Each structure stands twice: as C-alpha cells, then as structure tokens.
Amino acid sequence: VKELKRLPIIQKVIGKEITQIEASEILSLCDRQVRRIVKRVRGEGEKGIIHKSRERFSNRTKPAKTKQKILGLCKTRYKGFNPTFASEKLFEIDEIIIHPETLRLWFIEEGIEYKKRKGRKHRAWRERKHHYGEMIQVDGSHHRWFEDRGPECVLMAYIDDATNTVYARFYDYEGKVPAMDSFKRYIHRYGIPHSIYIDRHATYKPTRRQTIEEELNNEEPLSEVGRCLMELGIEVIYAQSPQAKGRVERLFNTFQDRLIKEMRLRDIKTIKNGNKFLRYYLPIHNRRFSIKPIEKGDFHRKLPEDMDLDSIFCIKTERGLGNDFTVAHNHKLYQVLDYTTSRRVIVEERLDGKMFISYKGRKLAYKQILERPVKKEAKKERLLWNKKQYVLPKDHPYRKFSFRRCPQRYTYEQKEKVGQKEKGLLLTVT
C-alpha cells in the first residue's frame, strides 16, 4: 500500500473520490478486477491488496523426499555432473523429470561443486564452411578416458566444420598406424573429404629438412600420413595454433565432461569396450549437437571401386635390390623371385601386419631367407719352397752384438771392425 501511495498517479487522486472505472484506467486493470479488490479491502482492510499466492509453495514444487533423493544421487552417482547433464541422466536412467535451472539453484543452495565454463579470450571468428564434407578437423587427445579403471589412451576425433558431425575412436598412442587406421575407417563410413585441418604434429608434418630432389622439384617433405592424403587427393591444411582448430578442441572439452561419465556409469575399462560404446554413443551425440549446413550438398567423394585403401594406408619404404635379387629390410633378408631390371623396389608394410614388395605398382613374389649360406673357406695350399724358418740359438754371437758398445767417436770403418770382432769374424794376430 505504501508503494502504491508513492506513485505520481495515485498522489494526484489522494483525498478525492473517483469511480471504479476511473480507478481501473489508472491501475491498468479491468473494472471487474477493481470491484474484486474493493470487495476484499472492505472485508480485510489494506491486506486485501496482497496477492493470495504470496508465501505459498508453487504447485510445481518438488516434494521434499524427491528433492533429497535427487541431491543424494547428484552427490554420489552423478558426482561432478553439471546441472544440464545431471538432469538428462536423471531422466534417462532414474526417470525423474527435473529442470536444469532448478537443479542449478539446488546445487548453489547445497554447495555442490561442478565444472563451469571458463572465460574465453576474444579471437577473430572464422565462418563455418558452407557444405558438408568441405573441411574436417582432426586431432588426438591424450587423457585418462577410463579414469582409474583403465590405462591412459588417445581419442582420435574427426568433426565436420559445417555440421559438427563427429567420428571418434580410441587408440593406445598417437602415431602413424592409429592415424592411418582412423582415416581409413572414416573414409569407409562417410567418403573422401575435400580437405583436412590438422596440427603440426610430427605424425602429420615431418620435422626433417628437404632432400635435394624435393628442393629441385619445389616440394615440401611429407610424412607417411601426408603421403596417404596426397594420393587420395585430399587438401591438407596445417593449423598454426590450437585455437585455430577450436571446434575439435571444444569437442574434447565436451567429451571429457560427458563421455567419461557415460563410460563411468557403464563401468567401461578397456579400449576395445570403449570403441564398442562409441558406436552407440556417437549417433546420439550427433543427433543432438549437429547442425544443418548453410548450403545443401555433400562434398564427400565416393571411394572408387578400383582403389585399394590397404595399398595406400601403409608404410612404404624404398629399398635397394641386390645383384642376387635380395632385399634387406628391418634386419631381415628377402629373396625376390620375379625378374625385374630395377635396382630399387618399394616395401609396403600393411596395417594388418602383411608385407608386400612392389615395383611401379606391380607386386613381386618373394620369400624370406631364414638362414644365410655359410661361405666355404679356401684351403691353404702348402708351398714347397715355404720351409720352416731357421731360428738362431741363444748363445749365437750375433745375439750378443749391440751398437751401445760402439762409442760415437768411432768412425764408420772402426765401428764395422768392432762389429766383426764381436761376431768372431775378425781375427786378431799377435
């Protein structure tokens, strides 16, 4: 009532009698509502103006038992879940409907901690690509994805820049074989993308210098993964900073919050079971977080029927072919059975463990040499003139000869006479 009296419109009519219609115009109410208020004021006094719902619980208020049950689950089973994710899991698993904002207020009231979004630095925004498959961002994340239940591993993730469609798979480490295997699986599922946005990890961009041939041809050095992408006709774009490929980096933040807790609820401990779970989880994630592209059309190219991905996604090494048609590779020796005039061949190590030797795309038959032939030593022929060397006896006069007995003042002739005398060759006549 005191607040109403302070209004300038009310102050103008204080002490004056007005009709209910005039009061309805001043209060912006209908005349029927004004008559109800007048009736309550006549019966209850000034308290009749107060709304009857004040200090009463809402009809949508959760019972105290339900509130305690929800908070108990959030402190134990869903510990560390943010309000939005916790409300989803409460509905999916426990069939309890609770709004995320209500849960957030309860978290503040109870002092329950959860992961909050950090403040971001201002950076120039890059427009999304317009077509699906026009650019794919790729990266690997080293993290304890299975927490204390399993080993630390790497999640290789692919996210489309236009639609946020995600593909991912767990591996033991980030290197040539995991990158090739994940690229191969992605192509089999979606097709060959137009371009790929990756960082400058040694797996994708080598750190070695250009060879003389590369300098003459004006070519950049390629890693094994880069060579595979070049053979497929995929444009490779190297990021200058982690923030440049922000979509895949933010994806890891989401996975480290949601995916880890999803696997915790299912007690997943190994990489094998984690990859099986991703087949179920990724379609659900894509249905919720993917968006429509700006323009229609898919830039993924279908895999040609005559293209063998196994021969592309492999480790190729150039080796020399000996005159005896042998090739040395990884401390092993192989015998090439097919005839070829080349002195250099390509050794292909496939992802499934198989090995091929080829020349200009033609596979050569070979076999491993398990034991090297032992060279026969030539017999030393004993020559007739090679007689046993004669050794002088210890008491021979020659062994007693020494230049130390010849003073430096002797002439050459005197030294020769002294030497002959010591050998018993010079006779002294008296």
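I will try to describe carefully the structure that is included in this document. This is a predicted model, so every value here is computed, not measured.

1. Concerning the pattern of salt bridges
Point 1. Inspection of the entire model under this criterion finds 26 salt bridges.
Point 2. Taking the shortest distance from any N to any O, the salt bridge between Lys 245 and Asp 139 comes out at 3.0 Å. Of this pair, Lys 245 sits in the loop between strand 5 (235-238) and helix 11 (246-265) while Asp 139 sits in strand 1 (residues 136-143); the two residues are 106 residues apart in sequence, bridging distant segments of the chain. The pair formed by Lys 245 and Asp 139 is uniform in burial state, with each residue classed as buried.
Point 3. The partner of Glu 147 in a salt bridge is Arg 149, with the nearest N and O atoms 2.8 Å apart.

2. A look at the packing of helix 11 against helix 12 (residues 271-289)
If you want to describe how two helices pack, look at the angle between their axes and the distance between the axes.
Point 1. Running from N to C, helix 11 and helix 12 cross one another at 130°; their axes reach a closest spacing of 12 Å. Compared by their axis directions, helix 11 and helix 12 come out oblique. As helix 11 runs across helix 12, the sense of the crossing is right-handed. On helix 12, the residues that touch Leu 251, Thr 254, Phe 255, Arg 258, Leu 259, Glu 262 and Met 263 of helix 11 are Phe 277, Leu 278, Tyr 281, Leu 282, His 285, Arg 288 and Phe 289.

3. Thoughts on the sheet that holds strand 9 (residues 344-350)
What holds strands together in a sheet is hydrogen bonding between their backbones, with the strands either parallel or antiparallel.
Point 1. Reading across from one edge, 6-9-10-11 is the order of the four strands in this open sheet, with antiparallel pairing throughout. Each of the sheet's edge strands pairs with one partner strand only, and the pair in question is strand 6 (314-320) and strand 11 (362-364). Adjacent strand axes in the sheet meet at a mean angle of 40°, parallel and antiparallel pairs treated alike.
Point 2. When strand 10 (residues 355-359) meets strand 11, the two strands line up antiparallel, connected through three bridges.

4. A short note on the nonpolar core
Point 1. Counting residues in each nonpolar core, the largest one holds 25 residues, and the members touching the most others are Phe 183, Ile 196, Leu 232 and Phe 313.
Point 2. When residues of this core are traced back to their parent elements, those giving at least two are strand 1, strand 2 (153-160), strand 3 (166-171), helix 8 (176-190), strand 4 (195-198), helix 10 (224-231) and helix 13 (309-312).
Point 3. With five residues, helix 8 is the largest single contributor of residues to this core.
Point 4. Counting 22 residues, the second-largest nonpolar core is a separate cluster that includes Phe 255, Leu 259, Ile 271 and Leu 282.

Reading the values: rules and limits
- Residues numbered from 1 in each chain as written.
- Predicted model: local features only at pLDDT ≥ 70, side-chain atom pairs only at ≥ 80, totals over all residues.
- Heavy atoms only, no water.
- Salt bridge = Lys/Arg side-chain N within 4 Å of Asp/Glu carboxyl O.
- Helix = DSSP H or I, 4+ residues; strand = E, 2+ residues; numbered from the N terminus.
- Buried < 20%, exposed > 50% of the residue type's maximum accessible area, 1.4 Å probe, protein only.
- Axes fitted to C-alpha atoms, helices over the stretch in contact; angles between N-to-C directions.
- Parallel < 35°, antiparallel > 145°, perpendicular 65-115°, else oblique.
- Left-handed = near helix turned anticlockwise from the far one by under 90°.
- Contact = heavy atoms within 4.5 Å.
- Pairing = 2+ DSSP bridges.
- Core = buried A, V, L, I, M, F, W, Y, C linked by side-chain atoms within 4.5 Å.

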